[in-house]
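Structural overview for review
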Amino acid sequence: MRELAAIAVFALAVAAVPAFVTSGYALNVVIMTLYAALLGQAWNILGGFGGQFSFGHAVFFGTGAYAMAVLQVKFGWNAWAALPAALALGGAMGALIGALSFRYGLRGSYFALVTLAFAEVFRILANTFDFTGAGVGLMVPLAATAARMQFASPAGYLYLILGFVVAGFVVSWWLKHSRYGAWLQAVRDNEESAAALGVDVFGVKLRAIVISGVLMAAGGAFYVQYLHYIDPHIAYGLGASVEALLAPIVGGMGTVWGPLLGAALLHALGETTRNLMGDAPGINLAAYGVVLVLMVSFMPRGVMGLFQARGAARGSTHA
Amino acid sequence: MLEASGLTKTFGGLTAVENASLRVPPGAIVGLIGPNGAGKTTLFAMLSGFLKPDAGRVVFRGRDVTGLPPHEICRLGMARTFQIVQPFGAQTVRENVAVGAHLRHRGRAEALARAERVARQVGLGDELDKLAMNLTIAGRKRLELARALATGPALLLLDEVLAGLNPQEITEVIPVIRAIAAGQDGAAGVTVLMIEHVMQAVMNLAERVYVLANGRIIADGAPADITSNRAVIEAYLGQGTAERLRRAQGAVRI
Amino acid sequence: MLEPSILLASALNGLTTGAVYALIALGLTLIYGVLHIINFAHGAALMVALYGVYYLHQRLGLDPYVSLPIMVPAMFAAGYALQRLVIGRASHGKEENVLLVTLGIAIVLENLALFLFKSDTQTIDTPYTFSTMNILGATISVPKVVAFAGALVVAGLLLLLVGRTDLGRAIRAIAKERQGARLVGIDVDHVFAMSFGIGLACLGAAACFLLPAYYVNPQVGNGFVLIAFTIVVLGGMGSFLGALLGGLIIGLVESIGGLWLGESLGQIGIFLIFIAVLLFRPQGLFGARA
Ligand SMILES: Nc1ncnc2c1ncn2[C@@H]1O[C@H](COP(=O)(O)OP(=O)(O)OP(=O)(O)O)[C@@H](O)[C@H]1O
Ligand SMILES: [Mg+2]
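This report concerns the structure included in the present document. Along every chain, residues carry numbers that run from 1 in the direction the sequence is written. All chains are assigned letters beginning with A, and all ligands numbers beginning with 1, in the order in which they are written. The predicted origin of the model limits local features to residues at a pLDDT of at least 70 and limits the giving and counting of side-chain atom pairs to 80 or more, whereas totals for whole chains, interfaces and linings rest on all residues. Working from all heavy atoms in the structure, the side-chain values ignore hydrogens and water.

A look at the overall build of chain A
If you tally the helices and strands in chain A, you get 15 helices and two strands. Computation of the radius of gyration draws on C-alpha atoms, with the globule rule given as 2.2 Å multiplied by the number of residues to the power 0.38. Taken against the 2.2 N^0.38 rule, which gives 20 Å for 319 residues, the C-alpha radius of gyration of chain A at 19 Å falls within 12% of a compact globule. Each principal axis of the C-alpha distribution contributes one length, and for chain A these read about 55 × 45 × 40 Å. Remark: exposure states derive from per-residue accessible area (1.4 Å probe, protein chains only) relative to the maximum for the residue type, with buried under 20%, exposed over 50%, and partly exposed in between. A burial count over chain A gives 59% of its 319 residues as buried. Residues are treated as being in contact if the distance between any of their heavy atoms lies within 4.5 Å. Sequence separation of at least 24 residues holds for 75% of the intrachain contacts in chain A that already meet a minimum separation of 6. Taken as a whole, chain A presents about 11,800 Å² of accessible surface, with 69% of it coming from carbon and sulfur. For the purpose of charge, His is not counted, nor are the chain termini; Lys and Arg are scored as positive and Asp and Glu as negative. For charged residues, the charge sits on one atom: NZ in Lys, CZ in Arg, CG in Asp, CD in Glu. If you average the places of the 15 positive and of the 11 negative side-chain charges in chain A, the two averages end up 8 Å apart. Each helix is a run of H or I in the DSSP string that is no shorter than four residues. Each strand is a run of E no shorter than two, and both are numbered from the N terminus. Reported accessibility uses the Shrake-Rupley method at a 1.4 Å probe radius. Residues are deemed covered only where the shown protein chains occlude them.

Below, the structure is given as structure tokens:
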């Protein structure tokens, strides 16, 4: 319960930010950090708690984003009606990919590559059909009114993304404190043992990828509302997939606070390199790549690992 | 409780288990012995759903469970341990055992409480908050036992839970198994089928023993009858078994 | 119906591209077979090699084919060092970790290239870039024919290396039985690094054959990564012959599929093959059932 209280305090603190900060730039930094945390939370459910590393989480992101854009632009739906549909489609995509991969026992690197291939397939499809605006992408018309999930001030977007992130927090907290979460982490640590203890390994993994897909689709939906634009590369390219896995790996996989912590640190790093090197293209991402290599090599438990008392016990025997 | 008939499993050209049948009556402790590579673990895997038998049937509590997936068999009340221990290394002892406890307890608090009771029952009371990867071999064996027990089984399949333990540890664990079988703290007794190389333990615990060699059940009966016939054992279990028996008996006095 | 001559030209085109794919995939499958790791940075390494060939041509005026004896050892050395200093230290016994580390390396390489060379697409001009020849009535570009022949020669050399030399014996021993190889005194870490080096050396050769009829930009490797993975799983992870055949098949599928579906949808065929093989036949088309 203490953690739930901490989550509530965090939510209230962030909600209060617009009362004190008016700079659009600063608010944008907060919004983009929360957005990165949301993608990280989504990946963390499947990768961190479930041990199934996806390299293609863009497939859920892109599905949420395109659902949101297509339903509004081509079908004239209201954004608030499109959102549940976008989330449901993200979950359905998770069910499809999960059912195929887990039924046929794909694990480890193979699972990672299959998710990546699915994302590529959808990228090419989105690039081909007029329905999705093909290579040009889709533009969501501006209409800065909350009735259409668009906001005149950044504060509105901040509350929107904060809502998603809090949902991500609650799901993560639930995984730490529920039977389902215990089963999911058991499957991550040893599938055979889990099965021997009565855990339906396939069902548990399937649920995880569906939940993860829904949350990732929320990220895609937010992107479309915030930036009013989506194209195949943004939606289904490797970028979104990498962004999703980076934050939990930096912050700490399988932890409640890891994705947010990782997102914040990565943003700080991004700002620092920008200040040092100027806005040269590539440098920012190159720094992220270096961080990824270093974290996996030297701090596989992420920054959260530093805070956990268990770290010492673990390090001593894990030669 | 458990009735297996005609179980057969081949890996490529190798027949690991051939036409094996056995019966475990309710409330009993039954032993399964045999030399290395005899097919004991393979037989367990077929009983518990980890391997589909090429032929034969497994009937558990009056129900044909042949070919059911492992988690369903476990839900029906058959739990197994692994010879090569497979803890959830990054989790504590309490969390490990709670995974088993969750089978019959939805609530997290209930499952953790039950995990604690079961862990104490097998002698892990002092290591509840240790990470499983930091346990000794003996500790990990107890953990295997505790996790399986926490699922609330009617039948426990124990695959060499005593292997790798020193004589002192063995003498500690034997009464634990006996207590599990007898039932304690108001819990009903659990039927046990155990694979064991430590003959003294088998002699001590089991009321009936099956002998598996080269994939076939070659003898069964009361432990005394099986072990008293040294010539038979030498013939069926191969050179050196008698010697091993003698050593084991010398080492363990209960 | 399509003209037979168009079909033939397309098939020949596919085969020549396929041979280069095969060369790239050979490096990948060697690394997989020996180290049991999937090198996600394979495409990025190819991109680096292509830039190498490009700048040797622009700055020193070296013909791409003349660059072969420079690029092959250079890529080998880079691969050796990368495995020894970075990748080999990162796994902590989990293969996914290696995939993540090689992903990190790919990101670094790609973005450093973006920083250093900008995102422009570069090509080189050689006297033979646009020359064509006639095979069975179909017109085909000379550099592609050279690439086809070159790729097959390099593949043959690789097979000889693995089949006939002491290093090859050590590689095969390790691919089969890692622990045993360590016990009989093979320096496993050295052989790992050698294999990784050879895997990237293949890319050095591929880059020399590719550039005269191709282009380079920082993202150029991405297109090859999944194709190379597809070839490797199609041919059976770790199988040289499988990679060779798989490369030719994928080249054909892409080129002939593209005739009907257009280039971008033709690519979907490749990814669908990839997904289907991983799901339904993970041992590869030619592998025995596990
Ligand atoms: N998955 C498998 N694939 C191929 N062969 C196997 C497999 N599992 C077991 N075997 C073989 O089947 C035979 C029986 O093995 P099993 O593990 O059942 O023996 P065991 O009686 O449990 O031996 P031990 O006393 O050493 O535990 C052995 O020859 C073993 O090598
Ligand atoms: Mg065994």
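Focus: the interface of chain B and chain A
Taken together, the contact pairs 27 residues of chain B with 25 residues of chain A. Put simply, buried area is how much 1.4 Å-probe accessible surface two parts lose in total, over both of them, once they are put together. Together chain B and chain A conceal approximately 2,300 Å² of surface at their shared face, both sides included; 57% is due to carbon and sulfur atoms. Per-residue buried area on chain B facing chain A is highest for His71(B), Phe88(B) and Val99(B); these three make up 21% of the total on that side. When a carboxyl oxygen of Asp or Glu lies within 4 Å of a side-chain nitrogen of Lys or Arg, that pair is called a salt bridge. Across the chain B-chain A interface, the total number found is zero salt bridges. N or O atoms closer than or at 3.5 Å make up a polar contact, with two conditions inside protein: a donor-capable atom paired with an acceptor-capable one, and, for residues adjacent in sequence, both atoms drawn from side chains. Where chain B packs against chain A, one counts eight residue pairs in polar contact (both at pLDDT 80 or more). Top contributing element to the side of chain B that touches chain A by residue count: helix H2 (residues 70–75) of chain B, with four residues. Note that Gly is not counted as nonpolar here; it falls among the polar residues with everything else outside the nonpolar set of Ala, Val, Leu, Ile, Met, Phe, Trp, Tyr, Cys and Pro and the charged set of Asp, Glu, Lys and Arg. Grouping the amino acids of the side of chain B that touches chain A by side-chain chemistry returns twelve nonpolar, nine polar and six charged.

Quick word on the coordination of the magnesium ion (ligand 2)
Coordination of the magnesium ion (ligand 2) by the protein involves Thr41(B) (OG1) and Gln83(B) (OE1), with metal-donor separations of 1.9 to 2.1 Å. Remark: Gln83(B) occurs in the loop between strand E6 (78–80) and helix H3 (93–101) and Thr41(B) occurs in helix H1 (residues 40–47); sequence separation between them is 42 residues. Listed donors are limited to N, O and S atoms within 2.8 Å of the metal, widened to 3.2 Å for Na, K and Ca; water is not among them, so incomplete-looking sites are possible.

A look at the sheet that holds strand E8 (residues 191–195) of chain B
Consider a sheet: its strands pair through backbone hydrogen bonds, and that pairing is either parallel or antiparallel. Residue and element names in this part refer to chain B. A strand pair is defined by DSSP finding two or more bridges across the two strands. Strand order across the open sheet formed by six strands is E6-E7-E8-E3-E9-E10, with mixed pairing between neighbours. With one partner strand each, in any of the chains shown, E6 and strand E10 (216–221) form the two edges of the open sheet. Taking the axes of each pair of neighbouring strands and ignoring which way they run, one obtains an average angle of 15° across the sheet. Strand direction decides the pairing type here: strand E7 (residues 155–159) and E8, joined by five bridges, are parallel. Along E8, the bridge assignment pairs Leu 158 with Met 194. Every axis in this analysis is a line fitted to C-alpha atoms, fitted for helices over the stretch in contact. Angles between the N-to-C directions lie between 0 and 180 degrees. This element, helix H5 (residues 137–150), spans E6 and E7 of the sheet and lies at about 160° to E7.

Some words on the environment of Ala90(C)
Within the secondary structure, Ala90(C) is located in the loop between helix H3 (68–85) and helix H4 (95–117). Here the alpha-carbon distance between Ala90(C) and Leu100(C), two residues ten residues apart in the chain, equals 9.4 Å. Contact partners of Ala90(C), with chain neighbours within four places excluded, come to Val296(A), Ser297(A), Asn97(C) and Val101(C).

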